[in-house]
Amino acid sequence: IPNHVWDEGVRHRYDLGFTYCTFASHLMLFITMVYSCIRKKITFFEAGVLGAASLWLYSYNNTRIDLFIVMPFLLCFYVWTHFSEGVRKDFISKMIFQYGGILTAVLSVAAQAFYNPGVPVYAKLNELLSGRLYLGHEAIRQYGFTLFGQHIRWIGQGSVRKNPLLTYNYVDCSFLKYMLNYGMIVAILLLAGMLYIGKKAIERQEQALCVSLFFLYIFAMVDAELCVLAFHPFLLKMGGLLNPVPEEEDEET
């Protein structure tokens, strides 16, 4: 299996046989989330093994975003499932787990739409996010929002490696990328589906799913792989949760 080096000047990253150097860490992040959802509650040893696997991948591909998500996820998931009786159906829980997708979408798109390099906070945040705010702002300025989307040729690191004359313009924000590509109607339907999943997860006391959804929203703010089922199956819960009978009761009957 080829293991190419992605030389980005500051960082030297290995792709570990994948088409892009972030994919291995993406898979490990969502394997961790899905495994946690299947187990419902994990032991300290399991959390340590999953965290160590992500650290090992990070030592090769230097994908900071995934590492900064998976570590807090494991900590929150372990503490919450071991020291809490369940999901409270209060305002805070609804804002985080049910409306979290909408709130993070609005926040991330607004941050890119109103990006101003002359504002120190914006400039520092853009630097920490590897230029994501600037690239998103330029994409909005160039293409704008439409109801039904438009064809856009996204040029990522893979394209630039093959042809250095191309200009990198990839938008690493799922919410913004889908709004530009597929239009506002599809984006609204997607957010409605995420709201539905969060609502049902709270009603059915699915702690693991709630935590996974929250960190999935954070991932979607800074990466464009929200709807890629090759990485995670969480969007399929839109259909799975249509069953009015909770899975535990259904199994008993």
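Residues numbered from 1 in each chain as written. Predicted model: local features only at pLDDT ≥ 70, side-chain atom pairs only at ≥ 80, totals over all residues. Heavy atoms only, no water.

Draft legend 1. Representation of the layout of surface pockets in the model. Taken as a whole, the largest pocket spans an internal volume of roughly 840 Å³. Lining the largest pocket we find 33 residues, and of these Tyr20, Thr22, Gln157, Tyr168 and Asp172 sit closest to its centre. Among the elements that make up the lining of the largest pocket, the one with the highest residue count is helix H8 (residues 157-162) (five residues). Its residues assigned to classes, the lining of the largest pocket comprises eleven nonpolar, ten polar and twelve charged. (1 Å grid on protein atoms, 1.4 Å probe; cavity = no way out; pocket = protein on both sides within 12 Å on 5 of 7 lines; lining within 4 Å. Points joined across faces, edges and corners; volume = space filled by probe spheres on them. Helix = DSSP H or I, 4+ residues; strand = E, 2+ residues; numbered from the N terminus. Nonpolar A, V, L, I, M, F, W, Y, C, P; charged D, E, K, R; others polar.)

Draft legend 2. Region of interest: empty space enclosed by the protein. Under the criterion given, the structure shown has two cavities of 30 Å³ or more. Taken as a whole, the largest cavity spans an internal volume of roughly 40 Å³. Forming the boundary of the largest cavity are Ser25, Met28, Leu29, Ser54, Tyr58, Thr63, Asp66, Leu67 and Val70. Where the lining of the largest cavity is concerned, the elements lending two or more residues are helix H1 (23-39), helix H2 (44-61) and helix H3 (64-83). Here the lining of the largest cavity is built from residues that sort into five nonpolar, three polar and one charged. The computed volume of the second largest cavity comes to approximately 30 Å³. Along its surface, the second largest cavity is lined by Phe175, Tyr178, Met179, Ala187, Leu190 and Leu191. When grouped by side-chain class, the residues that make up the lining of the second largest cavity number six nonpolar, no polar and no charged.

Draft legend 3. Layout of the nonpolar core. Ranked by internal contacts, the top residues of the largest apolar core, which has 62 residues, are Phe30, Met33, Phe175 and Leu213. With twelve residues, the single largest contributor to this core is helix H9 (residues 174-203). The contact partners of Met33, leaving out residues within four places of it in the chain, are Ile69, Phe73, Ser212, Phe215, Leu216 and Phe234. (Core = buried A, V, L, I, M, F, W, Y, C linked by side-chain atoms within 4.5 Å. Buried < 20%, exposed > 50% of the residue type's maximum accessible area, 1.4 Å probe, protein only. Contact = heavy atoms within 4.5 Å.)

Draft legend 4. Spatial organisation of the packing of aromatic side chains. Taken as a whole and judged by the stated rule, the model has 15 aromatic pairs. Between Phe44 and Tyr78, the ring centres sit 5.9 Å apart and the planes meet at 75°, which makes this aromatic pair edge-to-face. Note that Phe44 is positioned in helix H2 and Tyr78 in helix H3, a separation of 34 residues in sequence. Residues Tyr115 and Tyr122 carry aromatic rings whose centres are separated by 5.8 Å and whose planes lie at 85° to one another, so their mutual orientation is edge-to-face. We classify Tyr115 as buried; its relative accessible area is 9%. Through pairs of rings, three or more aromatic residues link up here, namely Trp6, Tyr20, Phe23 and Phe231. Cation over ring: Arg161 sits above Trp6, and NZ or CZ is 4.2 Å from the ring centre. (Phe/Tyr/Trp six-rings, centres within 6.5 Å; stacked < 30°, edge-to-face > 60°. Lys NZ or Arg CZ within 6 Å of the ring centre and 35° of its normal.)

Draft legend 5. Summary view of the packing of H3 against helix H10 (residues 207-222). At a closest axis distance of 10 Å, the pairing of H3 and H10 adopts a crossing angle of 160°. It follows from the interaxial angle that H3 and H10 lie roughly antiparallel. The element H3 and its partner H10 pack so that their crossing is right-handed. Every residue of H10 that contacts H3 at Ile65, Asp66, Ile69, Pro72, Phe73, Cys76, Phe77, Trp80 and Thr81 is listed here: Gln207, Ala208, Cys210, Val211, Ser212, Phe215, Ile218, Phe219 and Val222. Split into classes, the residues belonging to the contact of H3 with H10 amount to 14 nonpolar, three polar and one charged. (Axes fitted to C-alpha atoms, helices over the stretch in contact; angles between N-to-C directions. Parallel < 35°, antiparallel > 145°, perpendicular 65-115°, else oblique. Left-handed = near helix turned anticlockwise from the far one by under 90°.)

Draft legend 6. Structural context of the pattern of salt bridges. In total, this model carries six salt bridges according to the counting rule given. Residue Glu46 pairs with Arg39 through a salt bridge whose shortest N-O separation is 2.9 Å. In the salt-bridge network here, residues are joined through shared partners; they are Lys199, Lys200 and Glu203. (Salt bridge = Lys/Arg side-chain N within 4 Å of Asp/Glu carboxyl O.)

Draft legend 7. Here's a closer look at the environment of Ser130. Tracing the chain through its elements places Ser130 in the loop between helix H6 (120-128) and helix H7 (132-143). Exposure remark for Ser130: the relative accessible area of 39% places this residue in the partly exposed category. The sequence separation of Ser130 and Arg153 amounts to 23 residues, and the corresponding C-alpha distance is 21 Å. Ignoring anything within four residues of it in the chain, the contact list for Ser130 reads Arg11 and Arg64. Polar side-chain contacts of Ser130 include one of 3.2 Å to the side chain of Arg64. (Polar contact = N/O pair within 3.5 Å; in protein donor to acceptor, adjacent residues only side chain to side chain.)

Draft legend 8. Spatial organisation of H1. Over its 17 residues, H1 runs 24 Å from end to end, which matches the ideal 24 Å to within 8%, given 1.5 Å per residue. Within H1 the residues assigned to the buried category are Ala24, Ser25, His26, Met28, Leu29, Phe30, Thr32, Met33, Ser36 and Cys37. Contact partners of the buried residues in H1: H2, H3 and H10. (Expected span 1.5 Å × (residues − 1).)

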